[in-house]
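Each chain, letter by letter, is given below.
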Amino acid sequence: MKSGSQLEKILTAGHFAFTGELGPPRGTNIEAIKKKAAPLKGMVDAVNITDNQTAVVRMSSMAASLFAIAEGLEPNYQMVCRDRNRLAMQGDILGAYAHGIRNMLCLSGDHQQFGDHPQSKGVFDIDSTQLINMVKNMRDEGTFLNGQEIDEPPKMFIGAAANPFAEPFEWRIFRLAKKIQAGADFVQTQCVFNMERMREWIKRANDMGLSEKAYILPGVTPMKSLGMARYMKAKVPGMDVPDYVIDRLKGVDKKDQADEGIKMACEQIAEFKEMKGVAGVHLMAIEWEHKVPEIAERAGMLPRPQV
Amino acid sequence: MIVAERKPFDEIKESIQDYKKVLVVGCGTCVAVCLTGGEKEVGVLSAELKLSQKAESAPAVFGEATVQRQCDFEFLDEIKDIVGEYDALLSMACGAGIQFLAERYPEIPVFPAVDTTFIGVNKDVGWYEERCRACGSCALAMTGGICPVTMCAKSLFNGPCGGTNQGSCEINKDQPCAWYMIHERLSKQGRLDNIMKICPPNDWRNQTPQTLIQPGYEERIESSK
Ligand code: SF4
Ligand code: SF4
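K.L.:
I tried to follow the overall build of chain B on my own but got confused; where do I start?
P.N.:
Secondary structure summary: chain B contains 8 helices and 9 strands in total. For chain B, the C-alpha radius of gyration of 22 Å lies well beyond 17 Å, the compact-globule estimate for 225 residues. With respect to the three principal axes, the spread of C-alpha positions in chain B is 70 × 50 × 25 Å. In chain B, buried positions account for 40% of the 225 residues. For chain B, long-range pairs separated by at least 24 residues make up 59% of all intrachain contacts whose partners lie at least 6 apart in sequence. Only carbon and sulfur atoms are counted for the fraction: they give 52% of the accessible area of chain B, which is about 12,500 Å².

Structure below.
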């Protein structure tokens, strides 16, 4: 075991993993965390705790991860390169591990221009691939980025993000290969809507032996409404929402659109369960945490294996 | 070249409002090429300043001077006989030139009339684009001559990020994605191997004030100190 996290145990035992997501509050409202955490308990193996997502200030992902642990969840602590330099990052990784955090997802982060402090200076001292490599060396070599020894190194199960859809498409798989070479143990993808492209991307990952080197968890996001689908298609960078997704939601009554969205997500999960090279799914039910039990149930993900 | 943009007129006017004799000092190099602070722009700014105070009782005096390069003491000496007549200097050079002017004439207050914006290129008359942030460890050999620090909004060394959008950067549809371009160029040159390897963290050498002394000049510089 690299870190001994629940997520690592599930994946190494060959179970189909199921991860969720929790966005920290825009303030110190602990009740809001508890409210979001409650429906996730027992439904997912680990919960991604986002780090100032979309460059909007929220409670720090480390603090919220600790609250998640207190609520009985296993956090997947997210860290972006936008807000910290290599000193702050390494310091936080030490602190996170000492507090019992065992999974980490390493990201570039959305550009600050989109967020609530567009005048801020983006740090971007190192990039996400370099961050992955740094966390790996902290764990496996017991050294900081400068090569100096760590007094009791942090042992994280290391996650990377991948976007299988962005252009240049043929380069995406090499970028994945780089992140795995850098040290990613598992990979969570951008929300998948375009299944044709996803099948093709996974096939390439299999051909290159990448799905044997890291656990790949495609991202699944249930559409709440036709409006959400249209918004994601038009406004969210890097998001590939094919017309057939829009058409299918258009085809049902407005009041049934949420249910149709869940049905579509469950169909995707069913296909991923059978897909070679896929080790689980990452459910991003954006501001829809209370629906996770229903989705988990309908997707046949329950009960979660105990390892 | 270094590209600068003139400050808003009201900000300039306010910064010098307490002075009665102001010399507007232009620079004949980069800021002249980008049409911001050369001789012509010095003329325009001082005319505007004069005009804007016509109604006032005791109008200030505005002089004009443009030197070849404000970032060079030799050229700054050219105005040594006239600066004494003024109680403030308004510089239209880049940030480096403004500082050197202030350093050459430390007894006179110096004010900037421009915002220095970037090191860039001349795309067309009146159209300039940033290309370099002077990071101090140039990566252009790896990236096919496209700067990852400047042209990528996240200064990635192992791009592109997940937000790249059909050749555009996630920050703006009109901004090309640097890593999309890097991939395209290296692919055409058959040099994709360059970016297959993980690029290690950059050595940011622009975090402290930098000095360069060319080989062979050490002694001369030592003796002049
Ligand atoms: S890599 Fe550094 S030195 Fe080279 S062009 Fe970019 S910012 Fe300038
Ligand atoms: S979209 Fe391209 S240029 Fe923009 S931040 Fe991402 S990699 Fe850099």
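K.L.:
Can you walk me through the sheet that holds strand E4 (residues 88-91) of chain B in this structure?
P.N.:
Across a sheet, paired strands are connected by hydrogen bonds in the backbone, their directions being either parallel or antiparallel. Residues and elements named next belong to chain B. The parallel open sheet is built from 4 strands, whose spatial order is E3-E2-E4-E5. Of all strands in the sheet, those bounded by a partner on one side alone are strand E3 (61-67) and strand E5 (110-112). When the angles between neighbouring strand axes are averaged without regard to direction, this sheet yields 25°. Contacts between helix H3 (residues 39-52) and the sheet are confined to strand E2 (21-27), E3 and E4, with E3 contributing the most and set at about 175° to the helix. In the packing of helix H5 (residues 95-104) onto the sheet, contacts are made with E2, E4 and E5, and the angle to E5 comes to roughly 175°.

K.L.:
Where do I start with the nonpolar core in this structure?
P.N.:
Nonpolar side chains in soluble globular proteins tend to be buried together. With 48 residues, the main nonpolar core has A:Phe18, A:Leu22, A:Leu176, A:Trp201, A:Ile269 and A:Phe272 as its most contacted residues. If sequence neighbours within four positions are ignored, A:Leu176 has contacts with A:Ala162, A:Val187, A:Trp201, A:Ala205, A:Leu210 and A:Ile216. The next biggest cluster of nonpolar side chains, apart from the first, holds 35 residues, and it includes B:Ala60, B:Ala65, B:Val83 and B:Met92.

K.L.:
Explanation requested: the site of ligand 1 in the structure shown.
P.N.:
Taken together, the neighbourhood of ligand 1 is formed by B:Cys132, B:Arg133, B:Ala134, B:Cys135, B:Cys138, B:Ala139, B:Leu140, B:Cys147, B:Val149 and B:Thr150. Here the shell around ligand 1 is built from residues that sort into 8 nonpolar, 1 polar and 1 charged.

K.L.:
Help me understand the interface of chain B and chain A, please; the structure alone is not making it clear to me.
P.N.:
Accessible area lost during the coming together of the parts is what is often quoted as the interface size. Facing 27 residues of chain B, the contacting portion of chain A comprises 29 residues. Across the chain B/chain A interface, buried area totals approximately 2,500 Å², and carbon plus sulfur atoms make up 58% of it. Here chain B is connected to chain A by 17 residue pairs in polar contact (both at pLDDT 80 or more). The residue inventory of the side of chain B that touches chain A, partitioned by class, reads 15 nonpolar, 9 polar and 3 charged.

K.L.:
Sorry if this is basic, but what is going on with the domain arrangement of chain B here?
P.N.:
Considered domain by domain, chain B is made up of domain 1 (2-118) and domain 2 (136-196). The C-alpha-based centres of domain 1 of chain B and domain 2 of chain B are spaced at 38 Å.

K.L.:
What is the right way to look at the sheet that holds strand E5 (residues 157-162) of chain A in this model?
P.N.:
All names here are of chain A. Read once around its circumference, the closed barrel built from 8 strands follows the order E1-E2-E3-E4-E5-E6-E7-E8, with strand pairing classed as parallel. Averaged over all neighbouring strand pairs, the angle between strand axes comes to 25°, with direction disregarded. Summarising the sheet, strand E4 (residues 103-107) and E5 pair through 4 bridges and their orientation is parallel. Residue pairing across strands places Met-104 opposite Ile-158, the latter belonging to E5. Helix H6 (residues 169-182) contacts E5, strand E6 (186-191) and strand E7 (215-220) of the sheet and is inclined by roughly 165° relative to E5.

K.L.:
Help me out: how do you make sense of the pattern of salt bridges in this one?
P.N.:
Two side chains that carry opposite charge are able to pair once their charged atoms sit near each other. Residue and element names in this part refer to chain A. Overall, the coordinates contain 38 salt bridges over all chains when judged by the stated rule. For the salt bridge of Asp-45 with Arg-304, the shortest nitrogen-to-oxygen distance reads 2.8 Å. In this pair, Asp-45 sits in the loop between helix H2 (30-37) and strand E2 (46-49) while Arg-304 sits in the segment after helix H12 (292-298), placing the two residues 259 residues apart along the sequence. Given a relative accessible area of 5%, Asp-45 falls into the buried group. The class of Arg-304 is buried, set by a relative accessible area of 9%. Put simply, Glu-200 and Arg-204 hold a salt bridge, and the shortest N to O gap is 3.1 Å. Linking Glu-200 with Arg-204, this pair stays in helix H7 (residues 195-207), spanning 4 residues, or about one helical turn. Taken together, the shared-partner salt bridges in this structure form one network comprising Lys-2, Lys-136, Arg-139, Asp-140 and Asp-185.

Definitions and cut-offs
Residues numbered from 1 in each chain as written. Chains lettered and ligands numbered in written order. Predicted model: local features only at pLDDT ≥ 70, side-chain atom pairs only at ≥ 80, totals over all residues. Heavy atoms only, no water. Helix = DSSP H or I, 4+ residues; strand = E, 2+ residues; numbered from the N terminus. Rg over C-alpha atoms; globule rule 2.2 N^0.38 Å. Buried < 20%, exposed > 50% of the residue type's maximum accessible area, 1.4 Å probe, protein only. Contact = heavy atoms within 4.5 Å. Areas by Shrake-Rupley, 256 points an atom, 1.4 Å probe, with all protein chains shown as cover. Pairing = 2+ DSSP bridges. Axes fitted to C-alpha atoms, helices over the stretch in contact; angles between N-to-C directions. Core = buried A, V, L, I, M, F, W, Y, C linked by side-chain atoms within 4.5 Å. Near = heavy atom within 4 Å. Nonpolar A, V, L, I, M, F, W, Y, C, P; charged D, E, K, R; others polar. Buried area = accessible area lost by both parts, 1.4 Å probe. Polar contact = N/O pair within 3.5 Å; in protein donor to acceptor, adjacent residues only side chain to side chain. Domains from an automatic or database assignment. Salt bridge = Lys/Arg side-chain N within 4 Å of Asp/Glu carboxyl O.

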